[in-house]
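Here is what each chain is made of, one letter per residue.
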Amino acid sequence: MNQISHFQMTGTPIGDLTLVRRGSALSALYMQEHRHQPDESTFGPREESATGVLGEAVRQLREYFHGERRTFDLPLDPTGTDFQQRVWAQLRAIPYGRTRSYGDLARALGSAGASRAVGLANGRNPISIVVPCHRVIGANGAMTGFGGGIERKVWLLDHERETLGDEGDVGSGRGGTQQMLDLPR
């Protein structure tokens, strides 16, 4: 039986985010102009007050954006194929401030030649940031596609790198990506 979804909006340094819950689990997190975002009519009624899983998600996102949270502890219920679910599980295993390539993820799944399929599944991740698809980069270190836009991907990676200081490997020490952004810091 399908449960009715509900949604809430929250403002962040990278713009408004739409959080969607199904039952008592977070099922989606979309950015403004998010690629692969379904029609808003599928989100169900809007919840005006931050309670339950949506309230907890808002709280944890605030902590993340303030540099106080490195992992999320939320019940998740993303809709996807078995393969997509396996890819998204691998995304959750990428540590804060670290990056992996599509090939790295394919090898971790036992399918070294599936980089393209991993990329497609990564692009369909419905719970951005919490399921950190922004931490996946090209094999050559290039910033590749991201549902919320490359500028937001770079912002998120820079944010994590800056929070970690010398602990992280985001940007491979190249730095300087922040000035390319047209987003508030």
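In this text, all values refer to a predicted model and were calculated from it rather than measured experimentally.

Asker: Please explain helix H2 (residues 82-92) as it appears in this structure.
Answerer: Helical geometry note: an α-helix holds 3.6 residues per turn, so side chains three or four residues apart project in the same direction. All of the buried residues along H2 are Gln84, Val87, Trp88 and Leu91. Seen from one end, H2 has its buried residues packed into an arc of 100°, which puts them on one side. The elements touched by buried residues of H2 are helix H3 (102-108), helix H4 (115-123) and strand E5 (136-137).

Asker: Mind showing me how you'd approach helix H1 (residues 52-65) here?
Answerer: The terminal C-alpha atoms of H1, which comprises 14 residues, lie 20 Å apart, in line with the 20 Å expected from a rise of 1.5 Å per residue. Taken across its 14 residues, H1 has 10 buried, putting it largely inside the fold. Within H1, the full set of buried residues consists of Val53, Leu54, Gly55, Ala57, Val58, Gln60, Leu61, Glu63, Tyr64 and Phe65. On the buried face of H1, the contacting elements are strand E1 (5-10), strand E2 (17-22), strand E3 (25-31) and helix H5 (150-164).

Asker: I'm lost on the pattern of salt bridges in this one. Help?
Answerer: Side-chain pairs of opposite charge can arise where the charged atoms are in close proximity. Inspection of every chain in the model, using the stated rule, returns eight salt bridges. The residue Glu47 makes a salt bridge to Arg21 at a minimum N-O spacing of 2.6 Å. A residue pair is termed long-range when its members are at least 10 positions apart, and Glu47 in the loop between E3 and H1 and Arg21 in strand E2 qualify at 26 residues. Each member of the pair, Glu47 as well as Arg21, carries the same accessibility label: buried. A salt bridge links Arg161 to Asp158, with the nearest nitrogen and oxygen atoms 2.7 Å apart. Here the residue Arg161 and the residue Asp158 both occupy positions in helix H5, the gap between them amounting to three residues, near one helical turn. Residues participating in the shared-partner salt-bridge network are Glu56, Arg59, Glu63 and Arg69.

Asker: When you look at the sheet that holds E1 in this model, what are you seeing that I'm missing?
Answerer: The strands making up a sheet are joined through hydrogen bonds of the backbone, oriented either antiparallel or parallel. In space, the three strands of this open sheet follow the order E1-E2-E3, with antiparallel pairing throughout. The open sheet is flanked by E1 and E3, the only strands paired with a single partner. Sheet twist, expressed as the average angle between the axes of neighbouring strands with direction ignored, equals 20°. Of the strand pairs in this sheet, E2 and E3 are connected by six bridges, and their pairing is antiparallel. Looking at E3, one finds that Arg22 is bridged to Ala25. Lying on the sheet, H1 is in contact with E1, E2 and E3; it crosses E2 at an angle near 145°.

Rules and cut-offs
Residues numbered from 1 in each chain as written. Predicted model: local features only at pLDDT ≥ 70, side-chain atom pairs only at ≥ 80, totals over all residues. Heavy atoms only, no water. Buried < 20%, exposed > 50% of the residue type's maximum accessible area, 1.4 Å probe, protein only. Helix = DSSP H or I, 4+ residues; strand = E, 2+ residues; numbered from the N terminus. Arc of directions from axis to C-beta. Contact = heavy atoms within 4.5 Å. Expected span 1.5 Å × (residues − 1). Salt bridge = Lys/Arg side-chain N within 4 Å of Asp/Glu carboxyl O. Pairing = 2+ DSSP bridges. Axes fitted to C-alpha atoms, helices over the stretch in contact; angles between N-to-C directions.

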